[in-house]
Every structure is written in structure tokens, then in C-alpha cells.
Amino acid sequence: MYNTIGVIGLGVMGSNIALNMANNGEKVSVYNYTRDLTDQLVQKLDGQSIHPFYEIENFVQSLETPRKIFLMVTAGAPIDSVIQALLPYLEAGDVIMDGGNSHYEDTERRYQDLKTRGIGYLGIGISGGEVGALTGPSIMPGGDQEVYDKVAPILTKIAAQVDGTPCCVYIGPKGSGHFVKMVHNGIEYADMQLITEAYSFLRDILLLSVDEIADIFETWNQGELKSYLIEITTEILRKRDDLTGLPLIDVILDKVGQKGTGKWTSIQAIDNGIATSIITESLFARYVSSLKEERVAAEEMLEGPSTLHLKRNKDIYIEYVRQALYMGKICAYAQGFNQYKATSELYDWNLPLEDIALIFRGGCIIRAEFLNVISEAYKENHHLSNLLVAPFFAEKVKKYQQGLRNIVCEGIQSGISFPCLSASLTYYDSYRTGRSHANLLQAQRDYFGAHTYERNDREGIFHTDWQ
């Protein structure tokens, strides 16, 4: 009796994906480069149909044909190493799926190489963390449609389910699945930073306690800001440190890490002329946070405003913060989905934007109440230029822009850094300006570099002898 699918890489994510598959009726072969993680998974089993193998040849031979192998291996060289180890035992028609955070260009290279050998390759974005991997993640598969069709019954079964619909849909060709996951992570960076800036305003300018802020976030999570990140932020703020009894948030070092996907999102956008300032500012904020020792030293030398501008009516400013956070999220998602749209046109991927929004609704780190509205916006207008001009969001930003302006201005006056809220406002104001003063930039370029310019009163390309 052969098993239906195999999983290689049994860290937390890989083990949970294997358990998820087994819990959904699949017979799963598992293999890890080192024996210890395989043994740890075996000890967790409670009757699930998971079969461990300690030699890769035996692992491959245990699978029914066409073989379906799911990799949950660290991105980069380890993926290439595992593929090379598998190749001697694979046959034409077999399928390899990479469920890690691989760069989409690496996925395209592997896809092309394996296609020449007759082996299907899917780059599969997975969002939901370790809990999502076990109970149902959001799944973003990219590659050939006919290859996806071979594994779709398994992937749609293990994905999160919302209103009876799996949070898994065919994304598009080649590396598009990993690309969608990459930009998803960029949006995630921005969303997290925006929430942090809202918290900073409530804590440092309105001088609210951690418990008071937790209550505010809990209330927000019952309205239009309802999302996974708002939900977990509430839980984080309520957590107490076992050692000191203080809110745990107050003993966590303000120094943030990152694993590369946010950086890749910004680099790809810059390379292709796509405006993702909010996402990029969230990345830079992490970089600045890593300069902990420098920041502590600078605090002693560099002066800010003499006083914080505390407003008497806190309730009004709490509402302003809510509006600012919601509008910032709209702008961040607008930039991320614009990156999807522009790159889809660049590579002729035909990304299903309305479906991408829907699969983000469950099992996903950036799942949020307004993803349904985003999906509807693209469903109603497949050629929508920007989410900001979708009727629903256009009305929201019209109502909330003043709240965002008030919060950004208060932050500037108080010396509190709000990189993503500020970038959101700047992006909004730049995008809504029909005629800007970028003509001066173009004149400067023509002056020193003869780069030419266009005119607004006639067709053609022009150059002026400025001197």
C-alpha cells in the first residue's frame, strides 16, 4: 500500500503540515535530513496515518505515482540540495511542491529546470504560522495549471475554510505563488508597524496604561478593524511577565528581526517602479530598531520637543487613532495590491486579485474584515487602478483623512516617529494630486543631463538649452 503524499522537512511548520494532511485523511510519508525531528513527530502521533522514513530512497518509493512531495525546508541552498537528492528516484509526472518562503525568482529557476525533466514544480505560499499549518493555512500555489490539478484535492482540503470555501486558489504560472506570498509578507510588515504606531500614540501621547490600550484594541476588534493582528495585539497587551508581574510587553527588548521577505518586496517594487513606500518604511523601521545601542546613546545627545502635546479630550483622539489606523491599512493594502497588479501585467501572469483577497480571509496572518470588500472591488472592476478609488474605500478615506492628519501632526509636534502613518498620508496626498510639481524635477534632469521632457500643451519630446 502506497502513501498519497510525502513531506520533507519536519520543523514546526513541516510537522504541522504533515499532521494536517493526516488529519484530513491523507496517508503521509515523512522524512527529515536529521533523525531527531522525525522521532519527535512520531512521538506526537495519536493514530494518524503518518509513516516515517530515514532514507530518502525509501521515502520516495513509499509514495503512489505520480508522486507528490511537499518540501518544508529552509529557503535558498537547502531547497536545491533536497531537490538534487530526490532527482535520482523521481519519474516524469511526479510533483515537487515548495511550501517555504523561497524567493519567486529561485522558484522560477527550479521550475524551468525540473520542467525539462518532466517533473512538475509548484511554488506554494503558506500563511498562518504554526497554528495555521496544523489547523488550516492560506495557500497560494503557483506553477502549471495541470500540475496544480494533480495536488488540488489535497491542498484545498488542508487549507483554512471560510464560509465553506477553501482559502486556496490557483494563483498563476511559474513563481507567482511565491511572489504573492512575498508581497503578502510586505503588507504584513506594514500592517504590524501601523498597529505599533497606533499603540505608541495611545501610550506615549495620550499616556494610557497597557490595560487601557488592551481594552481599546479589544473594542476595535469588534468593528471594522477586526483582524487577526488586532486580535493578537489585544492578547499580547494582556499578558503578564511571570518573573516581574509587569505587562510582558514592557520587558521585551525594542529590537525587531526580519527574515528577508519584506526586503524582497521592496526591492522588487523599486526595480519595477512600483510605489510601496509604506511597506518600505515598515522595513526601515525594523532596521532602525536594530540600532538599539546607538539609539540609547543618541537619546542623551539629541533633543526633541520640550513637551508632549497631550490633548484633554482623550476619547476624541482615541477615535482619531482608530481612523488613522484604518486609513493607513487601506493605503498599505492598496500599495500591496498595486504591486500584484503591476507585476501581473509585467509578467503576463493574470493574477486573480479578487480571489487572492478571498484566500487571505482565513488561516492567514493579514486576515482582516475588509478583505471581503477588497475582493468585491476587484470583482466589480477588474481594471481598478487603485483600491483608494474603489467607491467603498474612497468614501472611507474621505471621512478618515482628517483623523490621520491629526495623528501625524500630533506625532510630529510631540517628537514621536510614525513612519508608516506619515507615509500613508503622503501616499494618499500624492496619489490624489492631479498636477504636482514633479515638472521641476524633470526640468532639473534636463538642465544637468539633457534627459528631455514632455510638455502639457503639445505632443513630443523636448530639450532646452538652459544656459
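Residues numbered from 1 in each chain as written. Predicted model: local features only at pLDDT ≥ 70, side-chain atom pairs only at ≥ 80, totals over all residues. Heavy atoms only, no water.

When you go through the chain residue by residue, the secondary structure sums to 19 helices and nine strands. The globule rule puts the C-alpha radius of gyration for 467 residues at 23 Å, and the 25 Å found for the chain is close to it. With the principal axes as the frame, the chain shows a C-alpha extent of 75 × 70 × 45 Å. Burial statistics for the chain: of 467 residues in total, 50% are counted as buried. Long-range pairs, those at least 24 residues apart, make up 68% of the contacts in the chain between residues at least 6 apart in sequence. Only carbon and sulfur atoms are counted for the fraction: they give 51% of the accessible area of the chain, which is about 22,400 Å². (Helix = DSSP H or I, 4+ residues; strand = E, 2+ residues; numbered from the N terminus. Rg over C-alpha atoms; globule rule 2.2 N^0.38 Å. Buried < 20%, exposed > 50% of the residue type's maximum accessible area, 1.4 Å probe, protein only. Contact = heavy atoms within 4.5 Å. Areas by Shrake-Rupley, 256 points an atom, 1.4 Å probe, with all protein chains shown as cover.)

Let us look at the sheet that holds strand β6 (residues 120-127). With mixed pairing, seven strands are arranged side by side in an open sheet as β3-β2-β1-β4-β5-β6-β7. This sheet does not close on itself; its edge strands, each paired only once, are β3 (50-53) and β7 (138-142). Across the sheet, the mean angle separating the axes of adjacent strands is 25° when strand polarity is ignored. Of the strand pairs in this sheet, strand β1 (residues 5-8) and strand β4 (residues 68-71) are connected by three bridges, and their pairing is parallel. Opposite Val7, over in β4, you have Phe70 as the bridge partner. On the sheet, helix α7 (residues 145-158) packs against β1, β4, β5 (95-98), β6 and β7 and is oriented at approximately 25° with respect to β6. Strand contacts of helix α8 (residues 176-205): β5, β6 and β7, with the helix running at about 15° to β6, the strand carrying the most contacts. (Pairing = 2+ DSSP bridges. Axes fitted to C-alpha atoms, helices over the stretch in contact; angles between N-to-C directions.)

Put simply, Thr65 and Pro66 share a cis peptide bond, and its omega is -5°. Residue position: Pro66 is located in the loop between α3 (56-61) and β4. A positive phi is found at Asn350, a non-glycine position, where the angle reads about 55°. Examined against the element boundaries, Asn350 turns out to sit in the loop between α14 (314-347) and α15 (353-359). Within the chain, Ala450 stands out as a residue other than glycine whose phi angle is a positive 50°. Summarising the element assignment, Ala450 is placed in the segment after α19 (438-449).

Bringing a nonpolar patch on the surface into the picture now. Among the surface-exposed residues, Leu246, Val251 and Ile252 lie close enough to one another that they form a single nonpolar patch of about 250 Å² accessible area. Mapping Leu246 onto the fold places it in the loop between α10 (228-238) and α11 (261-271). (Patch = residues over 30% accessible without salt bridge, like charges linked within 9 Å, V, L, I, M, F, W, Y side chains within 5 Å. Salt bridge = Lys/Arg side-chain N within 4 Å of Asp/Glu carboxyl O.)

Generally speaking, nonpolar side chains in soluble globular proteins are found buried as a group. Formed by 81 residues in total, the largest nonpolar core has its most connected members in Leu202, Tyr333, Phe337, Tyr340, Phe360, Ile374 and Leu387. Of the residues forming this core, the biggest block, 14 residues, is contributed by α14. Within the second largest apolar cluster, 31 residues are counted, among which are Val7, Leu155, Ala159 and Tyr170. (Core = buried A, V, L, I, M, F, W, Y, C linked by side-chain atoms within 4.5 Å.)

A few words now on the packing of helix α17 (residues 391-414) against helix α18 (residues 419-431). Packing of α17 against α18 leaves a shortest axis separation of 10 Å and a crossing angle of 135°. Judged by the angle between their axes, α17 and α18 are oblique. For α17 against α18, the interelement crossing comes out left-handed. In contact with Val397, Gln401, Leu404, Arg405, Ile407 and Val408 of α17, α18 contributes Leu421, Ser422, Ser424, Leu425, Tyr428 and Asp429. Considering only residue class, the contact of α17 with α18 consists of seven nonpolar, three polar and two charged. (Parallel < 35°, antiparallel > 145°, perpendicular 65-115°, else oblique. Left-handed = near helix turned anticlockwise from the far one by under 90°. Nonpolar A, V, L, I, M, F, W, Y, C, P; charged D, E, K, R; others polar.)

We describe a pair of aromatic rings using the distance from one ring centre to the other and the angle between the two ring planes. Enumeration over the complete set of coordinates arrives at 23 aromatic pairs. Measuring from ring centre to ring centre gives 6.3 Å for Phe284 and Tyr287, while their planes differ by 40°; the resulting arrangement is tilted. Of the two residues, Phe284 and Tyr287 are both situated in helix α12 (residues 277-289); the distance of three residues between them amounts to about one turn of the helix. Residue Tyr287 is classed as partly exposed on the basis of its relative accessible area, which comes to 32%. Ring plane angle 90° and centroid distance 5.9 Å describe the contact between Phe370 and Phe393, whose orientation is recorded as edge-to-face. Of this pair, Phe370 sits in the loop between α15 and α16 (371-380) while Phe393 sits in helix α17, and the two are 23 residues apart along the sequence. For the pair shown, Phe370 and Phe393 are each scored as buried. (Phe/Tyr/Trp six-rings, centres within 6.5 Å; stacked < 30°, edge-to-face > 60°.)

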